[in-house]
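A structural walkthrough
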Amino acid sequence: MEIIYNVAENYGKILGGRWRRLGPKSGEDFYESVLEPAFKKAKENNDSLKFMLDGTTGYPSSFLDQSFGELARNYGVDEVRKVVTFETKVFQWVVDYINRQIWDKSE
Amino acid sequence: MGQVRIEKTVLWEIIGFTAVVFSILGFIGAKVVRFGLTYSKDISIADILNIIITSVVTLTAAWYLSKKLSEDRFTKEIAISDLKEIEQNVAEIIHKVQVNDQNLVNDLMMLINHLQQLLLRFDRTCKFERDEQSVNRINNRFLALYGCATNFGDDPIDPQFVIQNGNDLIVEIRDTISNINKL
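What comes next concerns the included structure.

How each quantity is defined
- Residues numbered from 1 in each chain as written.
- Chains lettered and ligands numbered in written order.
- Predicted model: local features only at pLDDT ≥ 70, side-chain atom pairs only at ≥ 80, totals over all residues.
- Heavy atoms only, no water.
- Contact = heavy atoms within 4.5 Å.
- Buried area = accessible area lost by both parts, 1.4 Å probe.
- Salt bridge = Lys/Arg side-chain N within 4 Å of Asp/Glu carboxyl O.
- Polar contact = N/O pair within 3.5 Å; in protein donor to acceptor, adjacent residues only side chain to side chain.
- Helix = DSSP H or I, 4+ residues; strand = E, 2+ residues; numbered from the N terminus.
- Nonpolar A, V, L, I, M, F, W, Y, C, P; charged D, E, K, R; others polar.
- Expected span 1.5 Å × (residues − 1).
- Axes fitted to C-alpha atoms, helices over the stretch in contact; angles between N-to-C directions.
- Parallel < 35°, antiparallel > 145°, perpendicular 65-115°, else oblique.
- Left-handed = near helix turned anticlockwise from the far one by under 90°.
- Pairing = 2+ DSSP bridges.

1. Considerations on the interface of chain B and chain A
Across the contact, 17 residues belong to chain B and 19 residues belong to chain A. At the boundary of chain B with chain A, total buried surface from both sides reaches about 1,500 Å², with 53% on carbon and sulfur atoms. Put simply, chain B and chain A have one salt bridge between them. For D154(B), the salt bridge identified is with R21(A), shortest N-O distance 2.3 Å. Linking chain B with chain A are twelve residue pairs in polar contact (both at pLDDT 80 or more). Mapped by element, the contributors of at least two residues to the side of chain B that touches chain A are α3 (104–125) and α4 (132–149) of chain B. For the side of chain B that touches chain A, a count of residues per class yields seven nonpolar, nine polar and one charged.

Next comes the structure, spelled out in structure tokens:
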């Protein structure tokens, strides 16, 4: 089964920086409140977890590193790649950044 | 810059046309000498046909060359125009990082998104003239700029690092345009 999570609708259209203490909608908050629990659940049930990226104003690199990067550092890039996928029409370059600049370098 | 290029092209077209005319005259002259052809005041139908066919072929060749050069020139001028917008956008990103106001995150994300759209447009404009390596180099430069300009963590964003990555991106695009111009 595929679990779909729309970031703009379910989390926020304007995303913040790396840490909670720096402001709302941070990468740390997204990781702890959304990404890690959803990833664990999907992994347990052998589901895939698809993130719909469109609809936000953009994804700061620090937000991505502290959320999707942290996930790869804690659970391994290969495991994360098996479970997490993305869908976007606007932010294909964000997916490239996650893959090439964050996940490839976490291996 | 565009005006100088247009004048150069017209000059080459005139030189080319003159060369073609002189070649034809030389060819006819050589035939006259070689075969001992005689001059006659009578005009034959073959002469008229020869002139018409030669003129049509010359004009068609000139029209085709002129059209091809004009199309190439148009693509190059659009690419240069895109480059100016990209440079302006990168300058705005650098300025925003230096000012560091309250709306920094939102404003920078809008500028970065706009820059990505400009790069996509540039990519589509020049896609027939560019090689895959050049596309990858520009993408990598963009991702490096994006990475450092939107890294909102404990330390403030380093403007010098953003300037360096912005300049690297612009230089890469300039190199690409320069290579397209050489084609």
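2. Focus: α3(B)
A rise of 1.5 Å per residue sets the reference length of α3(B), with its 22 residues, at 32 Å; its end C-alpha atoms lie 31 Å apart and thus fit the reference within 8%. Packing partners of the buried residues in α3(B) comprise α5 (92–106) of chain A together with α2 (45–99), α4 and α5 (159–182) of chain B.

3. As for the packing of α2(B) against α3(B)
All names here are of chain B. The N-to-C vectors of α2 and α3 enclose an angle of 165°; their axes lie 10 Å apart at closest approach. With respect to their mutual orientation, α2 and α3 come out roughly antiparallel. As for the relative orientation of α2 and α3, their crossing is left-handed in sense. Mapping the contact onto sequence places T75, I78, A79, D82, E85, I86, N89, V90, E92, I93, K96 and V97 in α2 and L104, D107, L108, L111, I112, H114, L115, L118, L119, R121, F122 and T125 in α3. Residue composition of the contact of α2 with α3, by class: 14 nonpolar, four polar and six charged.

4. Some thoughts on the pairing of strand β2 (residues 48–52) of chain A
All names here are of chain A. Pairing between strand β1 (residues 2–6) and β2: five bridges, direction parallel. Note that in β2 the partner of I3 across the bridge is L49. Of the pairings in the sheet, the one linking β2 to strand β3 (residues 84–87) comprises four bridges and is parallel in character. Note on β3: the bridge partner recorded for K50 is T85.

5. Regarding the packing of helix α2 (residues 27–44) of chain A against helix α3 (residues 61–75) of chain A
Residue and element names in this part refer to chain A. Interhelical geometry of α2 versus α3 gives an angle of 40° and a closest axis separation of 9 Å. When the interaxial angle is binned, α2 and α3 end up oblique. In the packing of α2 onto α3, the handedness of the crossing is right-handed. Each of G27, E28, F30, Y31, L35, E36, F39 and K40 in α2 lies in contact with α3, whose residues at this interface are F63, Q66, S67, F68, E70, L71, N74 and Y75.

Note that every value here comes from positions in space, so none of it alone points to a role or purpose.
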